Number of protein chains: 2
Amino acid sequence: MTEVVDRSGGSGRTVNTKTGPNAGTTSGTGTSAGSRGGAQPAVDVAALGEQLLGKWADVRRQSRGLAGEPELHKTEGLTHTEHRTRVFGQLKYLVDHNAVHRAFPAELNGADDHGGNVAGFEELVTADPSLQIKAGVQWGLFGSAVMHLGTAEHHAKWLPGIMSLEIPGCFAMTETGHGSDVASIATTATFDEATGEFVIHTPFRAAWKDYTGNAANDGLGAVVFAQLVTKGVNHGVHAFYVDLRDPDTKEFLPGIGGEDDGVKGGLNGIDNGRLHFNNVRIPRTNLLNRYGDVTADGTYSSPIASPGRRFFTMLGTLVQGRVSLDGAAVAVSKIALAAAIRYATERRQFNASSHTDEEVLLDYQRHQRRLFTRLATTYAAGFAHEQLLQKFDDVFSGAHDTDEDRQDLETLAAALKPLSTWHALDTLQECREACGGAGFLIENRFASLRADMDVYVTFEGDNTVLLQLVAKRLLADYAKEFRNVDFGVLARYVVTQATGVAIHRTGLRQVAQFVADTGSVQKAALALRDEEGQRALLTDRVQTMVSEVGAALKGAGKLPLEKGAALFNQHQNELIDAAQAHAELLQWEAFTDALREVSDPGTKVVLTWLRDLFGLSLIEKNLAWYLMNGRLSMQRARTVGDYINRLLVKIRPHALDLVDAFGYGEEHIRAAIATGDEKTRQDEARAHYRAQRASGNAPVDEKVLLARTAIAARGRRN
Amino acid sequence: MTEVVDRSGGSGRTVNTKTGPNAGTTSGTGTSAGSRGGAQPAVDVAALGEQLLGKWADVRRQSRGLAGEPELHKTEGLTHTEHRTRVFGQLKYLVDHNAVHRAFPAELNGADDHGGNVAGFEELVTADPSLQIKAGVQWGLFGSAVMHLGTAEHHAKWLPGIMSLEIPGCFAMTETGHGSDVASIATTATFDEATGEFVIHTPFRAAWKDYTGNAANDGLGAVVFAQLVTKGVNHGVHAFYVDLRDPDTKEFLPGIGGEDDGVKGGLNGIDNGRLHFNNVRIPRTNLLNRYGDVTADGTYSSPIASPGRRFFTMLGTLVQGRVSLDGAAVAVSKIALAAAIRYATERRQFNASSHTDEEVLLDYQRHQRRLFTRLATTYAAGFAHEQLLQKFDDVFSGAHDTDEDRQDLETLAAALKPLSTWHALDTLQECREACGGAGFLIENRFASLRADMDVYVTFEGDNTVLLQLVAKRLLADYAKEFRNVDFGVLARYVVTQATGVAIHRTGLRQVAQFVADTGSVQKAALALRDEEGQRALLTDRVQTMVSEVGAALKGAGKLPLEKGAALFNQHQNELIDAAQAHAELLQWEAFTDALREVSDPGTKVVLTWLRDLFGLSLIEKNLAWYLMNGRLSMQRARTVGDYINRLLVKIRPHALDLVDAFGYGEEHIRAAIATGDEKTRQDEARAHYRAQRASGNAPVDEKVLLARTAIAARGRRN
């Protein structure tokens, strides 16, 4: 593992060089005004940090305190079995420190605090993602299912043991044969009127429960999802409480079997496994019966008449998984950027602008582009997450809990979780590469975190599938709005107030009516560097993409099944792109909303640069679309890249402040290269050469000698 | 780890649907004509496979035979120390099977076969990347350095022990403080005339050798790179043979110390570590003196007068590292795609186009886009690699070994290695996600291979730095060509025959003169689906980008150092983009060259679709550039996406053939999901439901029941 580059010929140095007047200026930690004297705006790190902590700041601080404790940190290099043992012990530690009960009912010593619970849970990711997810399986999935899908009797019977970890349990939903398509799972729960029992059965290999946390070792109980069949009718997917293992011997109970999923790409502190059931009988009352029940004589009843809405409602209680993954992904991106940016302010490589000192990495334009664009996205994703979390709390606290609220929450989570989890992987990888070989060492954590976060992009809803749910919602809202309108007209990329309303009705965000107000996209483009210009461009793109696909799919529902499906498939890629554009707009709006809450003027200036960088980066990424659709002229489009480059230079002096505001300490970042050691090493090296030059004993470079000789020879000739 | 998606409301199914007339048609292994009757072109898998094996087909087959043996396979879940032990044992296995000596001199039982050696080495990656890289450290770096930088005496003394693994050794170049910037390493080798020895010394912490394979445990010897100082003059970086450890006790020799780099993000079968030297004395003759020597009285001499050229020549012998990483990255991409595409032809998810059967994943448009675009790039990278390997063999065999040949080889390797290694990471990740949760299980290998391949993008030259070397070369050639031309004119995006020549003169590829011939880029754009149209667009982009940056940087060399450097930095991002565009063009040209060698008409048709998909994907990725620069009209640009979608449908029936042609067996792919087990599971599930329906005992769906009741009620009312 050796890095080799030749720099012969002398001109190699000129490729790597220094940026403008701010090169080398690094602001210290804390408010950066003092050291610079007013010409530059300064970030109020403390105030910004407080804003970033959001509504549940106290819970986050408390949880960060715990996450900073060495007992909870991931030990690298363990085998997966050792890691599992450690994480199980850490779960007990969380119980002992009252860290995991906030969402549970007050009468069971919980706090009925749903938003706070998720906020606290998210912060655990910095200790060890395995710890976070294993806690999520136990309390966020297994416990939550009993709480939200069960009723009083179930709560009294199982929640205390679940909360105390006396009953480690599984959330047995996914099957080998069905990932994201939960409605098609094949496990059955057939009611036997003769005995008053449900019979849980796995009909074939593809119906084994799979990837189930706690299944391989620890799970004593499980919430098992199965098709509820009674009196010859399948009432769809319901949840059943099933005892899995003997609490003393830890052996599977009769009729139950399974196997270990083995080593995984990450999260090896969790014992994922497979489960299967051979006509396992459970009491009728083990049906978690909040949304559907069966009487002793086998009669099914539900407070929700429509099977579709019932399914949606039952699974809807589980949205918190997606909400918390969104938050955890943002937290990890912050950790990675804090480490990589700190290192880049200390690390020197290649001397371009002077004969003695090498450049600090963060002064290279490409390095700024790699890290600052991701810093901007991380801020956007963080602000969007805070809005999602508040929406989640509104729904689950009952403050705003209509059907529409729940659907909006579902759609918002389905939009944001894909972007933030993909962003976390991208950021971890870019940071790891930006730190070179050092980034690959586990002591610097990028590779470890990346491995653990990998599965976040496909679990709790595959990202690609989630974006299709968002697209479906966008299309449905669009169709509702324009039931009586000629699609052909709309499809001709006409931006009218009406389409603005269509997007507005998704209920997700109050998107601005800039385009409608001004009546001209071209005018908006003139101001692409301004907030309203960015908003107009981003909003217009979503609206146009949705209306284009909507028009193309007009009448698909009336075609024979196979033809309609084929038509949809021809537009699947566009649909997913439209959903992503929508989610990006939501992030941009959240960032922009957050700017309004900043009172310190210096902070506001710098954060506005960062928001502009985010907005312009989105526009640059989709520049072809804006050009193809006549939204930007060739001349204007050519300015986007330059403007981004200028923003990079402006943000450079504030980079450290912007990551310091995340508020994570070394106990969370724990990267050897972000401790100041690099600066010590660089300073030592420079001092060595300085002393050598001062002593007059420094060896003369052969090149210098040759040049001198050549000059002397010329002198003799003349 | 559970995947949840609601599909309530019934319309979810329509988002995931089936593609056109070819949906569900999967060609079998082997020539696919027979089963289809002539309407469809067919791929001659055997002939294509032979072409892909390339010039060193026999060596590859032999090496694949070895790589398929269980003794050489990675065992997952080991600790890093266990893994190291296993890999060291595997190196001995390679020696015993004569697998690693092809490049060494015939008189030492080698074969003087440089191309074949690299070809064979690349194939080992499918067994375990740690094995490949550890072998690369021992024979490709340590052994190669002794062979290429040393002279007869050194060969006789050390090569036999290196070849037999009696002397495991290190290639100690990179330092903690200097990664890719080798010229700046700080370790010194100062000649002491009094004793006739070199004194190897580490002046400060940043000068420790780091990330060095074999350093933590196994290395008994090392080639140490250090600044050679004699008589007060620093002659630049030279290589020295240094004994590191006592062969019996395995303890460091006096003055030498080091530490273990510990667990890494991957490649944990290699014991990377750090080394430092405290005035360690070695005989004068331990200088590997092919390109620079010191007499007993301390007089330095070299066959290469210029220190810059000397440095370039010494490091140039090490280009094979980059060549072989390029090939290994292509091999891994093939393995990943073979597994993911096989799985996608068997896995069913969501039923869209019929009420009973679910869709095969590979019939979804998005899935095709995710996998086929990467399949096309893999073919392109593979063909480009074969050209690189032949160029490498030409130089190292002495067949074509001018200075210019060596520089071209260096530049070509610096262009291709970044693209193929990034592509491997991207492909592994996309394949892992395309396989959902199953993709995350180590038994399916994507995550394991990705972790191991991660460091390929920064070692043997950081990818970003390598692309800057390419850019430097492009600029230099450009400047040479236009020394007397007005840059301003060129910069105005004028495409003339002259600029075509400029690119041609990079010596890398005979790029076509299409633009020059027709005199019109616009005319070329009319034919963007044709070979010449694609070539014109891709070539023009490189030419224009280089000439634009060239014009912007005009005179930078005459500015004061700091200002010149700042000017370069303002264009660093563009420079890297231009280099990447150049490398992509090389891949496209290689693919196009390969088409000419295909004689089977059906294969030619299908491969041409795949080449078009590659070309069009490049154009789509850079569509904004083509629009901004007036190369494509808005109308034409809007057709690119549609055309790509149509190509996906055409390629669909041949997907399995195209991965089968890679020629890897299950012993290389070793992914549980690519064994046919998934098909068995799916067939079992469908048979179950068929039997249930046939029996008349299938439970009725509540939704169906509700619909019937509603109809009956309506009947009663009427």
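Quick caveat, the model's predicted, so the values are computed rather than measured.

### What to know about the overall build of chain A
Move 1: Helix and strand counts for chain A stand at 28 helices and twelve strands.
Move 2: Counting every position in chain A, which comprises 718 residues, the buried fraction comes to 65%.
Move 3: Counted over contacts in chain A with a minimum sequence separation of 6, partners at least 24 positions apart contribute 73%.
Move 4: As presented, chain A carries roughly 23,900 Å² of accessible surface, and 51% of it is formed by carbon and sulfur atoms.

### Side note on the interface of chain A and chain B
Accessible area lost when the parts come together is the quantity often used to give the size of an interface.
Move 1: Taken together, the contact between chain A and chain B spans 145 residues of the former and 146 residues of the latter.
Move 2: A buried area of about 13,000 Å², summed over both sides, lies between chain A and chain B, and 55% of it is on carbon and sulfur atoms.
Move 3: At the boundary of chain A with chain B, the tally comes to ten salt bridges.
Move 4: A salt bridge links Arg310(B) to Glu702(A); the shortest N-O distance between them is 2.7 Å.
Move 5: Between the two partners, chain A and chain B, sit 53 residue pairs in polar contact (both at pLDDT 80 or more).

### Some remarks on the pattern of salt bridges
Residue and element names in this part refer to chain B.
Move 1: Enumeration over the complete set of coordinates arrives at 92 salt bridges over all chains.
Move 2: Between arginine 611 and glutamate 531 there is a salt bridge; the shortest N-O distance is 3.0 Å. Of this pair, arginine 611 sits in helix H21 (residues 601-621) while glutamate 531 sits in helix H18 (residues 531-552), placing them 80 residues apart in sequence.
Move 3: Accessibility expressed as a relative area gives 1% for arginine 611, which makes it buried.
Move 4: Look at glutamate 531 and you get partly exposed, because its relative accessible area is 26%.

### Brief notes about the sheet that holds strand E8 (residues 273-277) of chain A
Residues and elements named next belong to chain A.
Move 1: The strand order E4-E8-E7 describes an open sheet built from three strands, whose pairing is antiparallel. Looking at strand neighbours, the two that pair on one side only are strand E4 (209-212) and strand E7 (256-260), the edges of this open sheet. Taken over all neighbouring pairs, the strand axes of this sheet differ in orientation by 20° on average, direction set aside.
Move 2: Relative to E8, E4 runs antiparallel, the two being bridged by two bridges. Directly across from threonine 212, in E8, lies its bridge partner glycine 273.

### Some words on the domain arrangement of chain A
Move 1: Domains assigned within chain A are domain 1 (57-164), domain 2 (172-305), domain 3 (317-457) and domain 4 (677-717).
Move 2: For domain 2 of chain A and domain 4 of chain A, the distance between their C-alpha centres works out to 74 Å.

### Things to note about the relation of the copies chain A and chain B
Move 1: The transformation that overlays chain A on chain B combines an axial shift of 0.0 Å with a rotation of 180°, and the residual RMSD is 0.1 Å. Taken together, these values place the two copies in the relation of a two-fold axis. Considering only C-alpha atoms, the residue of chain A closest to the rotation axis is Ala624(A), which sits at 1.9 Å.

### Here we look at helix H5 (residues 114-123) of chain A
Residues and elements named next belong to chain A.
Move 1: With ten of its ten residues buried, H5 lies for the most part within the structure.
Move 2: Within the sequence span of H5, burial applies to His114, Gly115, Gly116, Asn117, Val118, Ala119, Gly120, Phe121, Glu122 and Glu123.
Move 3: Packing partners of the buried residues in H5 comprise helix H3 (57-67), helix H6 (129-149), helix H9 (319-344) and helix H10 (365-396).
Move 4: Looking at where H5 begins, the residue whose side-chain oxygen comes 2.9 Å from the main-chain nitrogen of glycine 116 is aspartate 113.

### Some points on the state of the cysteines
Move 1: The full count for this structure, using the stated rule, is zero disulfides over all chains.
Move 2: Sulfur of Cys431(A): no disulfide; nearest cysteine sulfur belongs to Cys435(A) and is 6.6 Å away.

Each value, and the rule that gives it
Residues numbered from 1 in each chain as written. Chains lettered and ligands numbered in written order. Predicted model: local features only at pLDDT ≥ 70, side-chain atom pairs only at ≥ 80, totals over all residues. Heavy atoms only, no water. Helix = DSSP H or I, 4+ residues; strand = E, 2+ residues; numbered from the N terminus. Buried < 20%, exposed > 50% of the residue type's maximum accessible area, 1.4 Å probe, protein only. Contact = heavy atoms within 4.5 Å. Areas by Shrake-Rupley, 256 points an atom, 1.4 Å probe, with all protein chains shown as cover. Buried area = accessible area lost by both parts, 1.4 Å probe. Salt bridge = Lys/Arg side-chain N within 4 Å of Asp/Glu carboxyl O. Polar contact = N/O pair within 3.5 Å; in protein donor to acceptor, adjacent residues only side chain to side chain. Pairing = 2+ DSSP bridges. Axes fitted to C-alpha atoms, helices over the stretch in contact; angles between N-to-C directions. Domains from an automatic or database assignment. Least-squares fit on C-alpha atoms with pLDDT ≥ 70 in both. Disulfide = S-S within 2.5 Å.

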